[in-house]
Amino acid sequence: MPVEVVADGHDHSVAEAVNDRSYAETFLVVAEPTPASLLSARRLARLAATQRSPRVVVVANKVRGQYDAERVAQRTGLPCVGAVPYDPGVEDADRAGRAVLDCDPDGAMATAVRSLVPGPQHRDGARVKLAVVGKGGSGKTTTSAVLARTRSGRRTLALDCDSDPNLGISLGLLGQLSLPDQVVIADFEAGLGTILRLEGHPVDVVVVEPSAKSLDVGRRAADSVREADLAGWWLPQTVRDLDDAARVRAAFPYLEPVLVPEDSAIVNAEREGTAPLDAAADAPAIRALVGLANDVVNTG
Ligand SMILES: Nc1ncnc2c1ncn2[C@@H]1O[C@H](COP(=O)(O)OP(=O)(O)OP(=O)(O)O)[C@@H](O)[C@H]1O
Ligand SMILES: [Mg+2]
């Protein structure tokens, strides 16, 4: 199984993902030999039995005895591609906030998961998109991290698809994103959910359109950020005319907005599937966004 894209999933993503081939070609269910974990795995197997379903396999994790892996295979009805022993070293690595591969590269967990990735001589050259799914706590993140770092010479993209992300820690990146000279940009989902969960971490940019609904959501987002007592934010909007700009300024009298004009260059780039910055670097909207980027990076 050559690995190229490894996605650490979460329970809720499974139902949509299993029927969408573009999301992943192989689903790796991580299952503990417990009734609750096996029940989740069976539900997933049933979903996979529907039309257009991709390949679904199971890894038995936290295996303690010789019958555990057999039990996982039997109860899920899925091909069991590996048995990962219960390994106290995994919890030690978690406590230290380090990757299992850094703490104990030859330990039972690392060795077993590594064996799921074939050496270069067994690869067929096909691209692999692997989604790692399973019940909460079954070991998805730990498994994803070892798989993603066991590259066998392949380029690997590790995606954290959990709404409560922590794959980076298991990959061994704790603290590295706060190093000087690094810029991290996070594109949030629509609405306020993530902002409300941020608990005081900085939010720099709130994007609104000059419509009543969008201004209302933007106002609530900016208020949440202000409540967290943060130093500064920018507010780009897509504006068509001076009325739009005035409407936005009235809604946010305490902010100095960055005004991004409505621009066909962005629509065209989207149609072509290209980056607007590549397609039309001199377009007015792109220039406004580049100005915003420079402000955020220089001030932040
Ligand atoms: N083989 C193993 N041996 C011992 N402990 C393990 C093993 N695999 C995972 N664990 C422990 O199980 C717990 C859950 O692991 P992990 O975070 O990888 O699961 P998860 O499925 O990603 O959880 P969540 O659903 O919360 O995202 C952690 O405390 C981890 O240390
Ligand atoms: Mg996880």
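What comes next is a walk through the structure. Bear in mind that the values here come from a model prediction, so they are computed numbers and not experimental data. (Residues numbered from 1 in each chain as written. Chains lettered and ligands numbered in written order. Predicted model: local features only at pLDDT ≥ 70, side-chain atom pairs only at ≥ 80, totals over all residues.)

**Side note on the overall build of the protein chain**
Point 1. Looking only at helices and strands, the protein chain features 14 helices and 8 strands.
Point 2. Going through the 300 residues of the protein chain one by one, you find that 29% of them count as buried. (Helix = DSSP H or I, 4+ residues; strand = E, 2+ residues; numbered from the N terminus. Buried ≥ 20, exposed ≤ 12 C-beta atoms within 10 Å, placed from the backbone.)

**A short note on the site of ligand 1**
Point 1. For ligand 1, the set of nearby residues contains 18 residues, the closest of which are Gly136, Gly139, Lys140, Thr141 and Thr142.
Point 2. When grouped by side-chain class, the residues that make up the shell around ligand 1 number 4 nonpolar, 8 polar and 6 charged. (Near = placed C-beta within 6 Å. Nonpolar A, V, L, I, M, F, W, Y, C, P; charged D, E, K, R; others polar.)

**Some details on the environment of Lys135**
Point 1. Along the chain, Lys135 turns up in the loop between strand E5 (129-134) and helix H7 (140-149).
Point 2. Separated by 105 residues in the primary sequence, Lys135 and Val30 place their C-alpha atoms 7.6 Å from one another.

**Observations regarding the nonpolar core**
Nonpolar side chains tend to gather and get buried jointly when the protein is soluble and globular.
Point 1. Membership of the largest hydrophobic core comes to 42 residues, with the highest contact counts inside it found for Val29, Ala31, Ala41, Val58, Ala60, Val100 and Val132.
Point 2. Excluding anything up to four places from it in sequence, Val29 contacts Ala41, Leu44, Val56, Val58, Thr76, Leu78, Val133 and Gly134.
Point 3. Core analysis: the second largest hydrophobic core is formed by 7 residues, Val206, Val208, Ala221 and Ala222 among them. (Core = buried A, V, L, I, M, F, W, Y, C linked by C-beta atoms within 7 Å. Contact = placed C-beta atoms within 7 Å.)

**What to know about the environment of Val29**
Point 1. If you trace the backbone, Val29 turns up in strand E2 (residues 26-31).
Point 2. For the pair Val29 and Ala60, spaced 31 residues apart in sequence, the C-alpha to C-alpha distance is 8.5 Å.

**As for the pairing of strand E4 (residues 80-85)**
Point 1. With 4 bridges joining them, strand E3 (residues 55-63) and E4 adopt parallel strand pairing. Opposite Ala60, over in E4, you have Ala83 as the bridge partner.
Point 2. Running through helix H3 (residues 68-76), the crossover from E3 to the neighbouring parallel element E4 is right-handed. (Pairing = 2+ DSSP bridges. Right-handed = clockwise from strand over helix to strand, strands pointing away.)

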